Amino acid sequence: MSTTDRRAKVSPSPDSDERQAQLARLPSVDSVMAMARVAPLVGEYGRSRVVDAVRQVLDAWRGEVQRGMASGEVMAVDRDCLVTAVTERLARDARSRMRAVFNLTGTVLHTNLGRALLPDAAVHAVVEAMTRPVNLEFDLEAGRRGDRDELVADLLCELTSAQAATVVNNNAAAVLLMLSALAVRKEVIVSRGELVEIGGSFRIPDIMRSAGAKLREVGTTNRTHVADYEAAIGPRTALMMKVHCSNYAVSGFTAAVSLRELAPLAQAHGLPLAVDLGSGTLIDLAQWGLPREPTVRQALAEGADLVTFSGDKLLGGPQAGVIVGSAELIARIKMHPLKRAVRVGKMTLAALESVLRLYRAPELLAEQLTTLRLLMRSSDAIRACAERVQPVLQRALGAGYVVSVQMMASQIGSGALPVQNLPSAGLIVREASGKRSGRALMALEARLRAWPRPVLGRIADQALWLDLRCLEAGDEAAFVAQCVEQSEVG
Ligand SMILES: *Cc1c(COP(=O)(O)O)cnc(C)c1O
């Protein structure tokens, strides 16, 4: 059906002639492409993308004119306006999906925000590995094929006193690989108090099932004794396993069997004792006044034969899973076909090696390891930052909200040290009306999320809480600049 047919059926509105005239003034795609202002866009995005964008903007414009909307009419006469719309569309399309945000949630190792931030040295190592050939699996001394684990195994052994080490994609993969290699179609004894779920997708019973191992639960949720483990040992037992209570604490009438108590039992029955330490730090955090978390070295010293832990939690490195322990068990684990499927790439190894090297100079660690530096930031320093930033954010948000400085408590996150908070400071934002409908807070949260570098906080007690622990100097300047820019946007 042609346009004239349609017009014959629908009685024309008084201004339809004017619309027709506007539609007729619509430039052709070719004429837009010929404009001088479009040439740089072609250079930046390529001709076909620009043609698509011009077409899309013209279509949108046509629709607006037909619906009698003013913006379309403006564009009909103003071609510059049209090119601006094309430029905006191209820029919006080209923006990466993964973007830097401000983590003001108060959780330092935030799984949804990428956990540990890499120190500069590690970033440089990654860039080097990405842009040049490296000896990923090449033994430079012997001049023959090497093993990628060798790039970090010595360091891991030095820092943990383990005999051997292997690295995989994350700690979940480390546990899965360990169970697949050592316990398939056999039983693994675990206390009922340690059947943890981490972040919804990692659950000990499920990972056992995927590995083809049979979970043998012992004890109760709150109390497990050595005798419970002992009674469960049978001909099908492959492994005894302890799982660190990363994200919860059992308190009250409780009893758990320590590694020290369990190790002699495992040894007497010739069974390997494995520990999933989760966060697994390499160094005693209590020396910096932080809550104490068991170290990998301690777990091995107390009798664990194998320890698994994450690379991007307290360790402060890239996403990775590490297994350290006895040479014989690590050798068996490395031979399993799954090892090939969950191995790490060169970028991960470059970052991990660089971060591990920092641990050789513990005196410098608090300055050089980003995660530790953030965890150690004093509440006084954070409060001073909050006082500098408060007026700027207040101006950006306008009179509808009240921004005030407030002491608060940060969390380490990623399941590390769940019951211990770190004294911190930040800003809380309330509605000026005091109405407390909640709707305005949701709107505010959405508005901050829509800023060029999204600002993420948390809502509690009818206020938006912005913990400034993770706003270090460079980021503070960027945050202030963005607030100023947003005040101007209005
Ligand atoms: C975090 C954690 C895991 C999962 O580690 P990823 O590196 O996230 O795969 C497994 N077990 C425990 C105890 C944890 O804390």
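About the cut-offs
Every chain is numbered independently, its residues counted from 1 as its sequence is written. Totals for whole chains, interfaces and linings use all residues, but because this is a predicted model, local features are given only for residues with pLDDT of at least 70 and pairs of side-chain atoms are given and counted only at 80 or more. The side-chain figures draw on all heavy atoms in the structure; neither hydrogens nor water molecules are used. UniProt positions are given in the numbering used here, feature names are shortened, and annotations may be inferred rather than shown by experiment. Helix and strand definitions here come from DSSP, where helices need a minimum of 4 consecutive H or I residues and strands a minimum of 2 consecutive E residues; each element is numbered from the N-terminal end. Whether two residues are in contact is decided by their heavy atoms, any of which lying within 4.5 Å being enough. Strands pair, by our definition, only if DSSP identifies at least two bridges between them. The convention used is that axes are lines fitted to C-alpha atoms, helices contributing only their stretch in contact, and that angles between N-to-C directions extend from 0 to 180 degrees. Type-normalised accessible area, obtained with a 1.4 Å probe on protein chains alone, sets the label of each residue: buried when under 20%, exposed when over 50%, and partly exposed for intermediate values. A 3.5 Å cut-off defines polar contacts: any pair of N or O atoms within that distance qualifies, except that in protein one atom must be a possible hydrogen donor and the other a possible acceptor, and neighbouring residues in sequence count only when both atoms are side-chain atoms. Comment on the angle field: the value is read as roughly parallel under 35 degrees, roughly antiparallel over 145, roughly perpendicular from 65 to 115, and oblique elsewhere. Put simply, a crossing is left-handed when the front helix is turned counterclockwise from the back one by less than a right angle, and right-handed when it is turned clockwise. Stacked, edge-to-face and tilted are the three classes for Phe, Tyr and Trp ring pairs, Trp counted by its six-membered ring, which pair at centre distances within 6.5 Å; planes under 30 degrees apart are stacked, over 60 edge-to-face, the rest tilted.

A. Broad picture of the UniProt feature "modified residue: N6-(pyridoxal phosphate)lysine" (unreviewed entry) in the chain. UniProt records the feature "modified residue: N6-(pyridoxal phosphate)lysine" (unreviewed entry) for Lys313 in the present numbering. Tracing the sequence through the fold places Lys313 in the loop between strand S11 (306-310) and strand S12 (321-325). Apart from the residues within four sequence positions on either side, Lys313 is in contact with Leu109, Arg115, Ala116, Ile198, Gly278, Ser279, Thr371 and Ser414.

B. Expanded view of the sheet that holds strand S17 (residues 463-467). Taking strand neighbours across the sheet as the criterion, the 4 strands line up as S13-S14-S17-S16 in an open arrangement whose pairing is antiparallel. Here the strands that pair on one side only, and so sit at the sheet edges, are strand S13 (401-410) and strand S16 (458-460). Between one strand axis and the next, the sheet turns by 35° as a mean value, whatever way the strands run. Sheet analysis places S13 next to strand S14 (residues 422-431), joined by 10 bridges and oriented antiparallel. Bridging across to S14, Gln406 finds its partner in Gly426. This element, helix H20 (residues 379-397), spans S13, S14 and S17 of the sheet and lies at about 155° to S13. On top of the sheet, helix H21 (residues 439-449) reaches S13, S14, S16 and S17; it is set at about 35° to S17, its chief contact.

C. Focus on the side chain of Ser424. Assignment of secondary structure puts Ser424 in strand S14. With a relative accessible area of 1%, Ser424 lands in the buried category. Reaching out from Ser424, the side chain makes a polar contact with the side chain of Asp467 at a distance of 2.8 Å. Leaving out residues up to four positions away in the same chain, Ser424 has contacts with Ser379, Ile382, Met407, Met408, Ala409, Ser410, Asp467 and Arg469.

D. A look at the packing of helix H10 (residues 171-183) against helix H11 (residues 204-211). One can describe the packing of H10 onto H11 by two numbers: an axis separation of 9 Å at closest approach and a directional angle of 45°. In terms of orientation, H10 and H11 fall into the oblique class. In the packing of H10 onto H11, the handedness of the crossing is right-handed. Of the residues in H11, those in contact with Ala172, Val175, Leu176, Leu179 and Ser180 of H10 are Ile207, Met208, Ser210 and Ala211.

E. The packing of aromatic side chains, seen in detail. Here the structure, examined in full by the defined rule, presents 1 aromatic pair. Relative to Phe479, the ring of Phe102 lies with its centre 5.3 Å away and its plane at 85°, an arrangement referred to as edge-to-face. With Phe102 in strand S1 (residues 102-103) and Phe479 in helix H22 (residues 473-489), this residue pair connects regions lying 377 residues apart in the sequence. Residue classification places Phe102 among the buried positions, given a relative accessible area of 1%.

F. Inspection of the side chain of Ser410 at higher detail. Within the secondary structure, Ser410 is located in strand S13. Overall, the relative accessible area of 0% leaves Ser410 in the buried class. For Ser410, the side chain forms a polar contact with the side chain of Ser424, separated by 3.2 Å. Looking at Ser410, its side chain comes within polar contact range of the side chain of Arg469, at 2.8 Å. Each residue touching Ser410, except ones within four places of it in the same chain, is listed here: Gly106, Asn421, Leu422, Ser424, Asp467 and Arg469.

G. Local environment of the pairing of S17. The element S17 is extensively covered by neighbouring structure, given that 5 of its 5 residues are classed as buried. Sheet analysis places S14 next to S17, joined by 4 bridges and oriented antiparallel. Looking across to S17, one finds that Val429 is bridged to Leu464. Here 3 bridges tie S16 to S17, and the two strands are oriented antiparallel to one another. Bridge pairing in S17 links Ala460 to Ala463. Between S16 and S17, which pair antiparallel in sequence order, lie 2 residues; one of them, Asp461, sits at a positive phi of approximately 50°.

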